[in-house]
Protein chains: 2
Amino acid sequence: MNQDIYQVQFLLERITGLLRNERRQLLAEYGLQPVQFEALNYLAHCNRYSDTPMAVTEYLGQTKGTVSQTLKVLETKGLIVKQGDSKDKRVSHLKLTEAGSEILDTQQLSPQLAQLESQLLNDCYQPLQNLLTSMQQANQSRPFGQCRQCRHNTELAQGQYLCELTKEPLQEQETLLLCREFERP
Amino acid sequence: MNQDIYQVQFLLERITGLLRNERRQLLAEYGLQPVQFEALNYLAHCNRYSDTPMAVTEYLGQTKGTVSQTLKVLETKGLIVKQGDSKDKRVSHLKLTEAGSEILDTQQLSPQLAQLESQLLNDCYQPLQNLLTSMQQANQSRPFGQCRQCRHNTELAQGQYLCELTKEPLQEQETLLLCREFERP
DNA sequence: TTATTATTGTTTCGACTCGAAACTATAAGG
DNA sequence: CCTTATAGTTTCGAGTCGAAACAATAATAA
């Protein structure tokens, strides 16, 4: 019983350990660390409500001080730019630069996974998705889901969406991004 | 197609990120780091051919210098002891102390996972196992499997085993441990 | 309005991680 | 016997991370 839990935990840690080592090696030529890449990757997939240092902090589960340093490195390397929020002067928005997007495009996919039969990965998808969802529900950590599946999102017409939380209309594409305010229906 | 790969990779990294953060917090009271725990955990589950610093190095995928420091910390904290090999004077064997085993017993299982429905985890087991196996095959990294499933292992009689590689008999229990020389049948 | 409190984000510090390279000691092979 | 390979340690420099102090702005209460 508990043994099963341990086995799955073992597999998860082992697989991700291998992926992490692989990524570390690949990123070395860019002078990037795994955690910096994770932040960059998040910023590429989050919406305009969720591209702030605080959102990254929540996503990575680290302290804001730590994240602040991570972001400083990314900015110094010219992979992201910081833009002040127009309404709340405390808040910054972080956008990927061309260079940032390029690194992401080339490094996003693990070569180790890419060379496997896709069936192997497909078999993992749904069980892992269920697992993550349950973990987030059980720990009231923010799920960071896609707008489109959020209970604050309503489809006005075909391809036209509205976020009830911000009262702002959303583009079709925007609703596929990750949002820190995401809540399940 | 590639999108599927990315999704699974995303889920793996997200789940393990949560587990890693959880573990970091839990280990803080012992003054242990995640990587130190991983080494300790490995040493608790490997056999007597695989409890050396070099084996830990291969398992963790780091450099021997890095691992040497990790092990030094564990030894200083009294969680492991170093024993010289009787035949090869270059080699050390690392054994868990009482204190080391205790920490492992209390910290091994993730509370976050333990509170979930076990069905959720069971659904993940086989797909993940297949994934890991394929990854190891594709990357000639050592699989670190159980003796009992190794092609060098033969069952002489019920509960009596022999390793053809070392020509040594193995106890029933030993064949359930991880071995660095493991090869698939 | 004004004072208090909360929130966002940065900076600094100290302990720890990690790879690279130099180094020691022992083993193996020609 | 000499050379090469292997196991392991040490040192160094760049980076990670949390804690705590700090500044600036926003929200709330009196």
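Residues numbered from 1 in each chain as written. Chains lettered and ligands numbered in written order. Predicted model: local features only at pLDDT ≥ 70, side-chain atom pairs only at ≥ 80, totals over all residues. Heavy atoms only, no water.

Peer 1: Tell me about the overall build of chain A, and name the residues and values.
Peer 2: Helix and strand counts for chain A come out as 7 helices and 7 strands. When its helices and strands are written in sequence order, chain A yields α-α-α-α-β-β-α-α-α-β-β-β-β-β. Each principal axis of the C-alpha atoms in chain A carries an extent, and together these give about 50 × 40 × 30 Å. Scored against the burial criterion, the 185 residues of chain A give a buried share of 44%. (Helix = DSSP H or I, 4+ residues; strand = E, 2+ residues; numbered from the N terminus. Buried < 20%, exposed > 50% of the residue type's maximum accessible area, 1.4 Å probe, protein only.)

Peer 1: Go over the packing of aromatic side chains with me, naming the residues and quoting the values.
Peer 2: All told, the structure shown has 8 aromatic pairs over all chains when counted by the stated rule. Relative to F10 of chain A, the ring of Y6 of chain A lies with its centre 6.4 Å away and its plane at 40 degrees, an arrangement referred to as tilted. Placement of the pair is Y6 of chain A and F10 of chain A together in helix 1 (residues 2-28), with a separation of 4 residues, close to one helical turn. Here the aromatic residues Y42, Y59 and F144 of chain A are joined through ring pairs into a cluster of three or more. Looking at R14 of chain A, its charged tip hangs above the ring of Y59 of chain B, at a distance of 3.7 Å from the centre. (Phe/Tyr/Trp six-rings, centres within 6.5 Å; stacked < 30°, edge-to-face > 60°. Lys NZ or Arg CZ within 6 Å of the ring centre and 35° of its normal.)

Peer 1: Got a sec to walk through the pattern of salt bridges? Specific residues and values, please.
Peer 2: All names here are of chain A. Under the counting rule described, the total for this entry stands at 26 salt bridges over all chains. One salt bridge in this structure joins R142 and E58, with 2.9 Å as the shortest N-O distance. Of this pair, R142 sits in the loop between helix 7 (118-138) and strand 3 (145-146) while E58 sits in helix 3 (residues 53-60); the two residues are 84 residues apart in sequence, bridging distant segments of the chain. By relative accessible area, E58 is classed as partly exposed at 28%. (Salt bridge = Lys/Arg side-chain N within 4 Å of Asp/Glu carboxyl O.)

Peer 1: Lay out the sheet that holds strand 6 (residues 168-170) of chain A with the relevant residues and their values.
Peer 2: Residue and element names in this part refer to chain A. The strand order across the open sheet formed by 3 strands is 4-5-6, and the pairing between neighbours is antiparallel. Of all the strands in the sheet, just strand 4 (153-157) and strand 6 have a single pairing partner and so form its edges. With strand direction ignored, the average angle separating the axes of adjacent strands in the sheet is 35 degrees. Relative to strand 5 (residues 160-163), strand 4 runs antiparallel, the two being bridged by 4 bridges. (Pairing = 2+ DSSP bridges. Axes fitted to C-alpha atoms, helices over the stretch in contact; angles between N-to-C directions.)

Peer 1: Explain the environment of G159 of chain B to me, and be specific about the residues and the numbers.
Peer 2: Residue and element names in this part refer to chain B. Tracing the backbone shows G159 in the loop between strand 3 (153-157) and strand 4 (160-163). Residue class for G159 comes out partly exposed when judged on its relative accessible area of 22%. On a C-alpha basis, the gap between G159 and T175 in space is 9.6 Å, while along the polypeptide they are 16 residues apart.

Peer 1: Quick rundown of helix 3 of chain A? Include the residues and the values.
Peer 2: All buried positions along helix 3 of chain A are accounted for by A55, V56, T57, Y59 and L60 of chain A. Looking one or two places after helix 3 of chain A, you find G61 of chain A, whose phi comes out positive at around 70 degrees.

Peer 1: Can you lay out the protein's contact with DNA strand C for me, pointing to particular residues and giving the numbers?
Peer 2: Around DNA strand C, a shell composed of 24 residues is seen, among which M54, K82 and S92 of chain A together with Q33 and T66 of chain B lie nearest. Protein-adjacent atoms of DNA strand C, using a 4 Å cutoff, are sugar or phosphate at a proportion of 68%. A distance of 2.8 Å separates a phosphate oxygen of DNA strand C from a polar atom in the backbone of S92 of chain A. Taken together, the elements giving at least two residues each to the surface near DNA strand C come down to helix 3 and helix 4 (64-76) of chain A together with helix 2 (34-45) and helix 4 (64-76) of chain B. The element contributing the most residues to the surface near DNA strand C is helix 4 of chain A, with 5 residues. Split by residue class, the surface near DNA strand C holds 4 nonpolar, 11 polar and 9 charged. (Near = heavy atom within 4 Å. Polar contact = N/O pair within 3.5 Å; in protein donor to acceptor, adjacent residues only side chain to side chain. Nonpolar A, V, L, I, M, F, W, Y, C, P; charged D, E, K, R; others polar.)

Peer 1: Kindly report on the environment of R24 of chain A, identifying the contributing residues and their values.
Peer 2: Residue and element names in this part refer to chain A. Topologically, R24 is positioned in helix 1. Note on R24: relative accessible area 42%, which makes it partly exposed. Counting along the chain gives 75 residues from R24 to A99, while the straight-line C-alpha distance between them is 19 Å. The contacts of R24, once residues within four sequence positions are left out, are Q33 and P34. (Contact = heavy atoms within 4.5 Å.)

Peer 1: Break down the protein's contact with DNA strand D for me, citing the residues and quoting the values.
Peer 2: The immediate surroundings of DNA strand D are formed by 24 residues, with Q33, Q36 and T66 of chain A together with M54 and K82 of chain B found nearest. For DNA strand D, a phosphate oxygen lies 2.8 Å from a polar atom in the side chain of Q36 of chain A. Contacts to DNA strand D include T63 of chain A, whose backbone N or O atom sits 3.2 Å from a phosphate oxygen. Secondary-structure elements contributing two or more residues to the surface near DNA strand D are helix 2 (34-45) and helix 4 of chain A together with helix 3 (53-60) and helix 4 of chain B. In terms of residue count, helix 4 of chain B provides more of the surface near DNA strand D than any other element does, 5 residues in total. Taken together, the residues of the surface near DNA strand D break down into 4 nonpolar, 11 polar and 9 charged.

Scope: geometric values only; no functional claims are made or implied.
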